[in-house]
Structures are given as structure tokens and as C-alpha cells.
Amino acid sequence: MWNFRRKNGNQDEGGMAVAERSINPLEDFDGSDDALIAEIERLSAADRSNRSQATERRLIGLRHLAGIRLMDCAKPDPVHPEPDFAHLPEAEGLPEIAAKDVTPELLRGGILRDGCLLVCGLVGREQALRFAQQIDRAFEVRDRHDAGEPSVEGYYEEFDPDPRFNAELGRSWVKEGGGVLASDSPMLSYEMMEMFRASGVSLLASAYLGEAALSSLQKTTLRKAEPWVGGAWHQDGAFMGPVRSLNLWLSLSRCGDESPGLDLVPRRLDYLVQTKTEEAVFDMQVSQLKAEQAAGDKPIIRPIFEPGDALLFDELFLHQTGSSPSMPKPRFALESWFFGGSGFPSDYAPIAVDV
Ligand SMILES: O=C(O)CCC(=O)C(=O)O
Ligand SMILES: [Fe+2]
């Protein structure tokens, strides 16, 4: 459990820290921080036994409010856990760690040695495949919504953040890249948060960051990657700025062979690779040559992921969608970036995860 305490004194204000601010007009809540957490827990529990679109919609607003409060009271200089290299197996390619063996220390070790940690079976196969189907449905419903047709509630309802964020959510860009913002789907957001809780990811992310994990409206995306859409090498830090981050990339399909996977430079880079050289025409794009140079003596790899396998990495990891037009199937995945409040991207809108 994380305490909400403000950075700059005023700790006695407790829940009043942001009470004067209007959050999503529909979802305002002016109770104390404890009351806010209790309400999120109460509604989440109620929804477990009786799914309700109104509850799931409200939960996004409340988690956004909790995220704002947590971000506003983040303390400076949190620390990562000590890396555990001793229990990190050597492997050709990447070592595969079973979900039950993951610790924050091992995760830190993987990120500092290989740039990432591959966790097998973080989520059960059936659950992952079901979630993939739900994502497919959210894509269909979003298309209907965008065509001005009545949409199926719950699957796609755009959520706008508190006006303080003045946020550019980049929905058309996300759509073009094969994504739906998770917060635009109250039903799937709820299922995702439940998945984070049950798999221990929320706790893991907070323990890794050394502070409460927050996600964001902009950078948690339900993905459907089509084989004919090519990848582009990138480090997410190139466009997020200086952050404290952990990405959970969760595969919801078998991928890397029959559907697009991820191409990886499996080593720690502690710098941003030069962008926009050779064939790399986009602002944040790294060329194939620069990616190969960054990989050095490590071969670039395209692992095979099964539904429910996860890759965890941070903003310096160099990767691209690994697609080829000859692949017969699309691939579904969840891309969920967590941030510490002390290093939250300046133009993103927070969502509390670990409450
Ligand atoms: O899903 C993909 O193909 C790309 C994912 C990605 O770039 C990320 O998770 O940062
Ligand atoms: Fe990325």
C-alpha cells in the first residue's frame, strides 16, 4: 500500500491535496486518499462478482484521480532493487524465467545485463487468448464508433483526462499504428487491472521502480499487429524524455513466427542511439545499421512468444515490431508502460495501478 504524501509539505492536507481540482467531470471524488483507495478496492471487488459497465467506467476516473494524487506526492530519488545477476541464467538468446521465479532483483539484473527479462507464462494461456479476442472486438467497436455508428458500450468509450493535462492522446496515430488506448475501453481496462493484480505485475512494477507504479493514458495500448505493417527500430525513451519506467509487453498470441513478434537488441544500452540515419526517416527511428552496431557481438533476436509470455524492459531498450508480410496471422499484445511518479513523462496523464 502506498501513502499519498505531497512532495512539498502540506502533508496534513491528506486527501484534500487535489480536492480543489476538478477531475473528469463525471468522476469527481473529493474524499480522502484512504477513502479513494478504499473506493477503488470496493468497486473492483464488487465488479468481480457482478460486472457493471458503470462501475468499470467509474474505476478509470477514480484510478486517474489516484494517479494524479500519487504523482503529485512522489518523493525524489527512489532506488531500484539491487540486481540479482547470480540467479540470472546464461543463455543463447534470452534466458526464459518462469513467472513464479521472478523477483524485482532478478528483473533489475535482466534489464542491466540483457536490456530486458523474458517471463514465460506470466498470464495463463487461455486467459491471454481470451483477452486477445476482447481486443479484436474493441478494434471492431472502435471502427463503428469512428464511422458514427452506435457502438457497444464498454468496449470503446473515449476517456478524456483531467483538463490540467491538456493532453494530446494521439488517438489517430495510435490507431494507425495498430492500437487502441486501454483507457478508451473501460471493460478491457478493468480486465487488464485484474490481470495485473492476479499476476503480481502491479506489485512487481512498484517494487522494481521503488515507488508506486503508475500507468498512463497515452502509453498503455491494446495492440493488434498485422503482418504487412513493418517495424521501426526505436527506444521509447527517445520520445518520452527522461523517465523512470518499466514496460510490460505481454504477448496474447503465439508470435515471432506465424505472427509479428518483436526484434530485440538483447543488451543493456545506457544511451540513446542516433536516430534518422540511413533508411530511418522518422524522427525517433533507428536504422538497421545503427541497431546492428548497438548490438555489437550479440546477435539481434526475434524470440517466439506463446500467449501469456511477457517481456519486461525500460525506456533504453532497442526493439522493433518483428513482422513480415508472409506471416499468416495478426498478433495481439498489451503494451503497458509503468512509471514512477518521480519520473513521470511530463505530458502524460497518470493512472494508479498498484492500489
Ligand atoms: O507491439 C509491438 O510490436 C511494439 C511494442 C513496442 O514498441 C513497445 O512495447 O514498446
Ligand atoms: Fe517500443
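Parameters and conventions
- The residue numbering used here restarts from 1 in each chain and proceeds along that chain's sequence as written.
- Lettering for chains starts from A, numbering for ligands starts from 1, and both go in the order in which the items are written.
- Whole-chain, interface and lining totals are the exception, using all residues; otherwise, since this is a predicted model, local features are given only for residues with pLDDT of at least 70 and side-chain atom pairs are given and counted only at 80 or more.
- Under the scheme used here, helices are H or I runs from DSSP no shorter than 4 residues and strands are E runs no shorter than 2 residues, and both carry numbers assigned from the N terminus.
- Atoms considered for the radius of gyration are the C-alpha atoms alone. The globule rule reads 2.2 Å times the number of residues to the power 0.38.
- Counting other C-beta atoms within 10 Å of its own, a residue is labelled buried from 20 upward, exposed at 12 or fewer, and partly exposed in the gap between, with every C-beta atom placed from the backbone.
- With C-beta atoms placed from the backbone, a contact is any residue pair whose C-beta atoms sit within 7 Å.
- Directions are taken from the helix axis to each C-beta atom, and the arc is the one they span.
- What makes a nonpolar core is a set of buried Ala, Val, Leu, Ile, Met, Phe, Trp, Tyr and Cys residues, with links drawn between C-beta atoms within 7 Å.
- Think of it this way: take the backbone, place a C-beta atom on it, and check whether that atom is within 6 Å of the molecule or strand, in which case the residue is near it.
- Amino acid classes used here: Ala, Val, Leu, Ile, Met, Phe, Trp, Tyr, Cys and Pro are nonpolar; Asp, Glu, Lys and Arg are charged; the rest, including Gly, are polar.
- Think of it this way: DSSP has to see at least two bridges between two strands before they count as a pair.
- Confidence of the prediction at every residue is given by pLDDT, a number between 0 and 100.
- Axis geometry follows a simple rule: fit a line to the C-alpha atoms, using only the stretch in contact for helices, then measure angles between N-to-C directions, giving values from 0 to 180 degrees.
- When describing relative orientation, an angle under 35 degrees is termed roughly parallel and one over 145 degrees roughly antiparallel, while 65 to 115 degrees is termed roughly perpendicular and anything else oblique.
- Definitions for this section: a left-handed crossing has its near helix turned counterclockwise from the far helix by less than a right angle. A right-handed crossing has that turn clockwise.

### Structural notes on the overall build of the protein chain
Part 1: Per the secondary structure count, the protein chain includes nine helices and 11 strands.
Part 2: A globule of 355 residues ought to have a C-alpha radius of gyration of about 20 Å, and the protein chain, at 20 Å, matches this closely.
Part 3: Along the three orthogonal principal directions, the C-alpha set of the protein chain runs to about 55 × 50 × 40 Å.
Part 4: Looking at the protein chain residue by residue over its 355 residues, the buried ones come to 48%.
Part 5: Within the protein chain, contacts between residues at least 6 apart in sequence are counted, and of these 80% link residues at least 24 apart.

### Some words on helix α9 (residues 288–295)
Part 1: Here α9 has its buried residues at Lys290, Ala291 and Ala294. Down the axis, α9 shows its buried residues gathered within 100° of arc, on one side only.
Part 2: Looking one or two residues past α9, glycine 296 carries a phi angle of roughly 60°, positive in sign.

### Quick notes on the nonpolar core
Part 1: Core analysis: the biggest nonpolar cluster contains 91 residues, and Leu214, Leu312 and Phe338 have the highest contact counts within it.
Part 2: Looking at this core, the element that brings in the most residues is helix α2 (residues 53–72), giving eight residues.
Part 3: Apart from the residues within four sequence positions on either side, leucine 214 is in contact with Gly67, Leu70, Met71, Phe338, Phe339, Gly341, Phe344, Pro350, Ile351, Ala352 and Val353.

### What to know about the environment of leucine 316
Part 1: Position of leucine 316 among the secondary structure elements: in the loop between β8 (310–313) and β9 (319–322).
Part 2: Distance from leucine 316 to histidine 234, taken between C-alpha atoms, is 8.9 Å for residues 82 residues apart in sequence.

### Examining the site of ligand 1
Part 1: Within the structure, ligand 1 sits among Arg223, Ala225, Asp236, Asn247, Trp249, Leu262, His319, Thr321, Ala333 and Glu335.
Part 2: Elements represented by at least two residues in the shell around ligand 1 include exactly β5 (220–225), β6 (245–251), β9 and β10 (331–340).
Part 3: When grouped by side-chain class, the residues that make up the shell around ligand 1 number four nonpolar, three polar and three charged.

### Description of the pairing of strand β4 (residues 213–216)
Residues in a regular strand project their side chains so that they alternate between the two faces of the sheet.
Part 1: Here β4 shows a buried face lined by Ala213 and Ser215 and a second buried face lined by Leu214 and Ser216.
Part 2: Across two bridges, the pairing between β4 and β10 is antiparallel. Across the sheet, the residue bridging to alanine 213 is glycine 340, located in β10.
Part 3: The sheet contact formed by β4 and strand β11 (residues 350–352) spans three bridges and is antiparallel. For leucine 214, the partnering residue across the bridge sits in β11 and is alanine 352.

### Some points on helix α7 (residues 201–209)
Part 1: Counting buried residues along α7, seven of its nine residues qualify, which places the element largely inside the surrounding structure.
Part 2: Once α7 finishes, glycine 210 follows within two positions and takes phi at roughly 75°, a positive value.

### Brief notes about the confidence of the model for the protein chain
Part 1: Here the protein chain averages 92 in pLDDT, and 92% of its residues register 70 or above.
Part 2: In the model, residues 6–23 has pLDDT below 50 throughout and makes 32 contacts with residues more than four positions away in sequence or in other chains.

### Some details on the environment of serine 32
Part 1: Within the secondary structure, serine 32 sits in the segment before α1 (33–49).
Part 2: For serine 32 and serine 323, which are 291 residues apart along the polypeptide, the C-alpha to C-alpha distance reads 48 Å.

### Looking at the packing of α1 against α2
Part 1: Where α1 meets α2, the axes come as close as 10 Å, and the angle between the chain directions of the two elements is 150°. Taken together, α1 and α2 sit at an angle that is classed as roughly antiparallel. Both α1 and α2 take part in a crossing whose hand is left-handed. Between α1 and α2, the contacting residues are Asp33, Leu36, Ile37, Glu39, Ile40, Leu43, Ser44, Ala46 and Asp47 on the first element and Thr55, Glu56, Arg58, Leu59, Leu62, Arg63, Leu65, Ala66 and Arg69 on the second.
Part 2: A breakdown of the residues in the contact of α1 with α2 according to their chemical character gives nine nonpolar, two polar and seven charged.

### Concerning unusual backbone geometry
Part 1: For lysine 276, which is not glycine, the phi torsion reads 55° and is therefore positive.
Part 2: Along the chain, lysine 276 falls in the loop between β7 (261–264) and α9.
Part 3: Backbone geometry places glutamate 278, a non-glycine residue, at a positive phi of 40°.
Part 4: In this fold, glutamate 278 is placed in the loop between β7 and α9.
Part 5: The class for glutamate 278 is exposed, based on 11 C-beta atoms found within 10 Å.

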